[in-house]
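# Tertiary structure, described
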Amino acid sequence: MHITLHLALAAIIGIGLSEARQQEHDIAYYIHPCQKSAPNVNECLTYSANHLAMHFRKGIPELGIEEVEPIVIDEINLSLGSGPDGYRATFKDIQAYGVSNLTVNQVRSDLNSLQFQLTFSIPKISAVAHYRSSGVLIMVQATGGGEYWGEYEGVKAKVYIKASEVERNSQKFLHLEDLKMDFSVKDIQMGIKNVHNGNAVLEAALNLFINSNSQELLKEMKPHIKKKLMVAMKTFIDNLFSRVPYDSWVIQ
């Protein structure tokens, strides 16, 4: 409730400025500008980030963003144990739904050094993928393949951005210098189905193991997931920074 009131206040304070600046500088409809010297600049930036996220969900053709979901990850690997019997799994063609329903809870900024920290939440992400595995799991030979599904609820993430200013055509733009992110998931349900060759014993064993060790499995997969997500995030930020002047966002 506290955050909601701040966002509403930021919107009320900034709306007149936003409309005037958009007309004056022809600022894109998906950008909500903020005054650098305003005492509530972080609240305004939080509102601005949510304003962008709202349009992102619908698609922003001007940025080449048409279909925002599913979010597609080509491949993620999982390794448990060592030696010839160690369990190995590869998840391919991962399609995730619900990522665009994010809410930016807070933006913290140092506009002099162009550093930003965003925290956001996603109610639920649903994912499907094809998988293949090999090795031994719970004393069962787990070589095979099938379909994976997952439901991730209560997703929270934190993103750190460090940028620098560049000048192009007499306008200031941002250039991404550093990007870090981390995330957590409160509740996880996942499993496999349609195991190749109809191996019911293998399917039951895998589902028992997966649902009994979901957080541990996520921990093992997390570095690979973060790496893939950061590639997609960097592409989006680079595209945004290169097309939208910095002074459209932050007005001196």
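Above this note sits the structure.
Described below are features of the structure shown in this document. Values in this document were obtained by computation on a predicted structure and should not be read as measured data. (Residues numbered from 1 in each chain as written. Predicted model: local features only at pLDDT ≥ 70, side-chain atom pairs only at ≥ 80, totals over all residues. Heavy atoms only, no water.)

## Remarks on the overall build of the chain
Note the threshold: Every helix listed is a DSSP run of H or I at least four residues long, and every strand listed is a run of E at least two residues long, numbered separately from the N terminus. The cut-offs for exposure are 20% and 50% of the maximum accessible area for each residue type, with area from a 1.4 Å probe on protein chains only; residues under the lower value are buried, those over the upper are exposed, and the others partly exposed. It only takes one pair of heavy atoms within 4.5 Å for two residues to be counted as in contact. The accessible surface values rely on the Shrake-Rupley method and a 1.4 Å probe; as for residues, cover is taken only from the protein chains in view.
Of the regular secondary structure elements, the chain holds 5 helices and 10 strands. Counting all 252 residues of the chain, 42% fall into the buried class. Long-range pairs, those at least 24 residues apart, make up 65% of the contacts in the chain between residues at least 6 apart in sequence. Total accessible area on the chain is roughly 13,800 Å²; 54% of this is exposed by carbon and sulfur atoms.

## Some remarks on the state of the cysteines
Covalent bonding between the sulfur atoms of two cysteines defines a disulfide. The line we're drawing: Any two cysteine sulfur atoms within 2.5 Å of one another count as a disulfide.
All told, the structure shown has 1 disulfide when counted by the stated rule. A sulfur-sulfur separation of 2.2 Å characterises the disulfide bridge that pairs Cys34 with Cys44. Because the torsion about its S-S bond is -90 degrees, the bridge between Cys34 and Cys44 counts as left-handed. Residue Cys34 is located in strand E1 (residues 34-35), and its partner Cys44 is located in helix H2 (residues 41-58); the two are separated by 10 residues in the primary sequence. Accessibility expressed as a relative area gives 0% for Cys34, which makes it buried. For Cys44, a relative accessible area of 7% translates into the label buried.

## Let's talk about the side chain of Ser48
Mapped onto the secondary structure, Ser48 falls in helix H2. When near neighbours in sequence (up to four residues on either side) are disregarded, Ser48 contacts His32, Cys34 and Trp249.

## Points about the pairing of strand E9 (residues 171-193)
Short version of the rule: Pairing between two strands is assigned when DSSP locates at least 2 bridges connecting them.
In the sheet, strand E8 (residues 144-168) pairs with E9 via 21 bridges, with the strands oriented antiparallel. The residue bridging Tyr160 from the neighbouring strand is Lys180, located in E9. The loop that links E8 with its antiparallel partner E9 comprises 2 residues; one of these, Asn169, has a positive phi angle of about 55 degrees.

## Notes on the pattern of salt bridges
Any two side chains of opposite charge can pair, so long as their charged atoms come close to each other. The condition that has to hold: Here a salt bridge means any side-chain nitrogen of Lys or Arg lying within 4 Å of a carboxyl oxygen belonging to Asp or Glu.
One pass over the structure, following the stated rule, counts 8 salt bridges. We note a salt bridge from Lys92 to Glu75, for which the minimum N-O separation is 3.9 Å. Of the two residues, Lys92 is situated in strand E3 (residues 87-97) and Glu75 in strand E2 (residues 71-80); the sequence distance between them amounts to 17 residues. In this structure Glu75 comes out as partly exposed when scored by relative accessible area, which is 26%. Three or more residues are tied together by salt bridges with common partners; here these are Asp182, Lys222 and Lys226.

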